[in-house]
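Each chain, written out:
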Amino acid sequence: MPTVLHARSRGFVNTPAIDRLARRSLRYLQSGFAIHLRGPAGTGKTTLALHLADLLARPLVLIFGDDELKSSDLVGSQTGYKRKQVVDNYIHSVIKLEDELQQSWVDSRLTLAAKEGFTLVYDEFNRSRPEVNNILLSVLEEKLIALPPTQNRSEYLRVHPQFRAIFTSNPAEYCGVHATQDALMDRLITLDMPEPDQLTQIEILVQRTGTSIEAAEKITALVQNFRANAKADLASGLRPSIAIAKICQDHQIPALARNDEFREVCADVLLSRTSITLVESTQILFEQLNQLAENEPADVPETPPLLAEEPAVEPPAPPNLSQRIYEYVQHNQGAKLSEIEASLSLNRVETVNALRSLIQKGIIKLNDDRIYVQEAQLS
Ligand SMILES: Nc1ncnc2c1ncn2[C@@H]1O[C@H](COP(=O)(O)OP(=O)(O)OP(=O)(O)O)[C@@H](O)[C@H]1O
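Residues numbered from 1 in each chain as written. Predicted model: local features only at pLDDT ≥ 70, side-chain atom pairs only at ≥ 80, totals over all residues. Heavy atoms only, no water.

**Concerning the packing of aromatic side chains**
The following threshold applies: Any two of the Phe, Tyr and Trp rings considered here, Trp counted by its six-membered ring, make a pair once their centres fall within 6.5 Å; the pair's planes then place it as stacked at under 30 degrees, edge-to-face at over 60, or tilted in between.
Tallying each qualifying case throughout the model produces three aromatic pairs. Every member of this aromatic cluster is reached through a ring pair, and the members are Tyr 122, Phe 125 and Phe 167.

Listed below in structure tokens is the structure:
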């Protein structure tokens, strides 16, 4: 049985730029379309995909694209044998034995998600060979999965109406990726994810690592300039910036260009990410750091950075909102997520947050697609 996850985008940082993209994506998913987040490495595609899966409030099945992936890894396969023995003793003097060996079918991740109406996140799907992904064509368009024929199972499986798919991919110039067939692209709504803007990067650094705003600004600017000058702009600067900020924060290294440890961290994180020689990239980085150091007042007290904060926790839903949802569910003796949203004029984020907190407190429960008040609350 493939692993099913419950999406939880811990520490998701929402800035106006991300929020706009998330809202558009959620709208398309809610209308039943599959979406495709496309962009260079480290722009936040997977993080956004998991956040959207969280907002859809359905179990999550995650597949990572891979050149070695086979169709059976997506659809399922015949595995093992089931043995059946029938002893027919209808006439006592005669015993008839029937021994039958049957292969048993095991669903794989795509089949499971499509059958049960889960959310499928297919990360970096263009790392898989195009012919392996062909099965997705009928899943997305005809809402059918064609299974290999066997004697005891129907060859077609109808896709559950709540099945949703989120794809992510890196652009074609990345190594290890395949060109995607037009027919599949035609079935997806593709949203390009560029390098996150500077405000977003600073916000992510501050919230993810607990570093100060000044340090986050300095690190993102340093990484951005280095990437531009050292031909390291194929991937986003977000990942190296997070790495530098986190290491400095964890080890109380001040983000000062004249601090030797800070310079070492920057060199270790950045120098291997360029297509130029190590000598050239080292020169570019140290020129940049020297310039920065000149502008740092000599007497800046090297205050140790703040201790790492606890991972960001989503703000709890306001109590009156939980109360309204609770009353609605109780009054209607159960309700669907979409009914609650529509009847109380709520958006998906606030509804999911409030429901999650009510479920954690044991006040309500989720059964199939409906939300009910726990029996203990009714008595
Ligand atoms: N909105 C966000 N909130 C918090 N962290 C984020 C956000 N977006 C990106 N990040 C962080 O930035 C880093 C890169 O993000 P992510 O792995 O989602 O990028 P990606 O585009 O999927 O990269 P790749 O193509 O290499 O898989 C991760 O450490 C992730 O946690």
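**Quick word on the side chain of Thr 15**
What counts here: Helix numbers and strand numbers start at the N terminus; a helix is a DSSP run of H or I with at least 4 residues, a strand a run of E with at least 2. Remark: exposure states derive from per-residue accessible area (1.4 Å probe, protein chains only) relative to the maximum for the residue type, with buried under 20%, exposed over 50%, and partly exposed in between. Between two residues, a contact is recorded if the distance between any of their heavy atoms is within 4.5 Å.
Position of Thr 15 among the secondary structure elements: in the segment before helix H1 (16-30). Given the relative accessible area of 5%, Thr 15 is considered buried. Discounting chain neighbours no more than four positions away, the residues touching Thr 15 are Thr 200 and Glu 203.

**A few points about helix H14 (residues 348-360)**
As a reminder of what qualifies: Every helix has an expected span of 1.5 Å times one less than the residues it contains.
Between its first and last C-alpha, H14 extends 18 Å over 13 residues, near the 18 Å set by a 1.5 Å rise per residue. Burial in H14 covers these residues: Arg 348, Thr 351, Val 352, Asn 353, Ala 354, Leu 355, Arg 356, Ser 357 and Leu 358. Of the residues one or two after H14, Gly 362 is the one with positive phi, at around 75 degrees.

**Points about the environment of Val 329**
Of note, Val 329 is situated in helix H12 (residues 319-331). Since its relative accessible area comes to 1%, Val 329 is described here as buried. As a C-alpha pair, Val 329 and Asn 290 span 39 residues in sequence and 62 Å in three-dimensional space. Among residues more than four places away in sequence, those in contact with Val 329 are Gly 334, Ala 335, Ile 340, Ile 371, Tyr 372 and Val 373.

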